[in-house]
Structure formats: C-alpha cells, structure tokens
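Below are the chains, spelled out letter by letter.
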Amino acid sequence: MIEAAFTPKQKAEREQLVLFSTYEIDSIGRHLVENLPTEPEWLFMRSMVLRILELNSVAMSVTGGDDERKTADMRRVVEGLT
C-alpha cells in the first residue's frame, strides 16, 4: 500500500472536508427520519437511515476530535450492539 505524503495544510483541508461531509450526512439522515411516512413499507427505510446516522456519529466523533466519547462505546455502535 502506498502512503500519500500530505503537507500539514493539505491534511487539514482533507480532514475538514470529511468532517463537513459527515455533518451533511447527519443533516440528510435526520431530515429523512423526521419526514419518512410511518406506513409499514417504510419502516425498513427508516431503520436503514437510523443505522446510517449511528455509523456517521462515530465518524463525526473521531474526525471532530470528540475525545470524551469512549472507543468501546463507538465499537459497540459499529458492531451493531447498541
């Protein structure tokens, strides 16, 4: 595997992009959860959106520097144990 060498400025820009991406994923997911119909055929879609939000919260915590959130708690989210 080739490891790319980025300048500190490039690395900061890339980290900012991923963080902004996770914020937008969160915004879209929350909009969907609040606005999807509640009929039984939509329940699967709602559960998928909720799962995306859970996984995205882990990415947001790591890239956003949330050092208060425990790694074990994030692992449980990723493994689907919460």
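Right above here is the structure, for reference.
Since the structure is predicted, the reported quantities are computational estimates derived from the model, not experimental observations.

Criteria and cut-off values
Residue indices begin from 1 for each chain and proceed along its sequence in written order. Restriction of local features to residues with pLDDT of at least 70 applies here, the model being predicted, together with a cutoff of 80 or more for giving and counting side-chain atom pairs; totals for whole chains, interfaces and linings are based on all residues. The basis for every side-chain value is the complete set of non-hydrogen atoms in the structure, without hydrogens or water. Secondary structure elements are defined from DSSP: runs of H or I of at least 4 residues count as helices, runs of E of at least 2 residues count as strands, and each element is numbered from the N terminus. What makes two residues a contact is simply this: any of their non-hydrogen atoms within 4.5 Å. Under this definition, polar contacts are N or O atom pairs within 3.5 Å; protein pairs additionally need one hydrogen-donor-capable and one acceptor-capable atom, and for neighbouring residues in sequence, both atoms have to be side-chain atoms. A fitted line through C-alpha atoms serves as each axis, taken over the contacting stretch for helices, and the angle formed by two N-to-C directions is quoted from 0 to 180°. Here roughly perpendicular refers to angles of 65 to 115 degrees, roughly parallel to angles under 35, roughly antiparallel to angles over 145, and oblique to all remaining angles. Each crossing gets its hand from how the near helix is turned against the far one by less than a right angle, where anticlockwise is left-handed and clockwise is right-handed. Three classes are used: nonpolar for Ala, Val, Leu, Ile, Met, Phe, Trp, Tyr, Cys and Pro, charged for Asp, Glu, Lys and Arg, and polar for all others, with Gly counted as polar. Here the expected span of a helix is defined as 1.5 Å times the quantity of residues minus one. For every residue, the accessible area obtained with a 1.4 Å probe (protein chains only) is divided by the maximum for its type, and the residue is called buried under 20%, exposed over 50%, and partly exposed between those limits.

Q: I'm lost on the environment of Gly64 in this one. Help?
A: Mapped onto the fold, Gly64 is located in the loop between α2 (40-63) and α3 (71-78). Each C-alpha atom of the pair Gly64 and Met74 lies 14 Å from the other, and the pair is 10 residues apart in sequence. Setting aside its immediate chain neighbours within four residues, Gly64 contacts Leu19 and Ala59.

Q: Looking at this structure, I do not really get the side chain of Asp26. What am I missing?
A: Structurally, Asp26 can be placed in helix α1 (residues 8-35). At 2.9 Å, the side chain of Asp26 and the side chain of Arg30 are in polar contact.

Q: Looking at this model, I keep getting lost on the side chain of Thr22. Mind explaining?
A: For Thr22, the location among the structural elements is in helix α1. Apart from residues no more than four positions distant in its own chain, Thr22 is found in contact with Asn56, Ala59, Met60 and Thr63.

Q: Would you mind showing me how to read the packing of α1 against α2 here?
A: In a packed pair of helices, the relevant descriptors are the angle between the two axes and the axis-to-axis distance. Look at α1 against α2: their axes get within 9 Å of each other, and the N-to-C directions meet at 155°. Classified by the angle their axes make, α1 and α2 are roughly antiparallel. Seen along the crossing, α1 lies across α2 with a hand that is left-handed. Across the interface between the two elements, Val18, Leu19, Thr22, Tyr23, Ile25, Asp26, Gly29, Arg30, Leu32 and Val33 from α1 touch Arg46, Val49, Leu50, Ile52, Leu53, Asn56, Ala59, Met60 and Thr63 from α2. By residue class, the composition of the contact of α1 with α2 is 12 nonpolar, 4 polar and 3 charged.

Q: Would you explain α2 in this entry?
A: Note on helix geometry: an α-helix contains 3.6 residues per turn, so any two residues three or four positions apart are oriented the same way. Between the first and last C-alpha of α2 there are 35 Å, a value that for 24 residues agrees with the 34 Å anticipated at 1.5 Å per step. Listing the buried residues of α2 in full gives Val49, Leu53, Asn56, Val58, Met60 and Ser61. Phi turns positive one or two residues past the end of α2, at Gly65, with a value near 75°.

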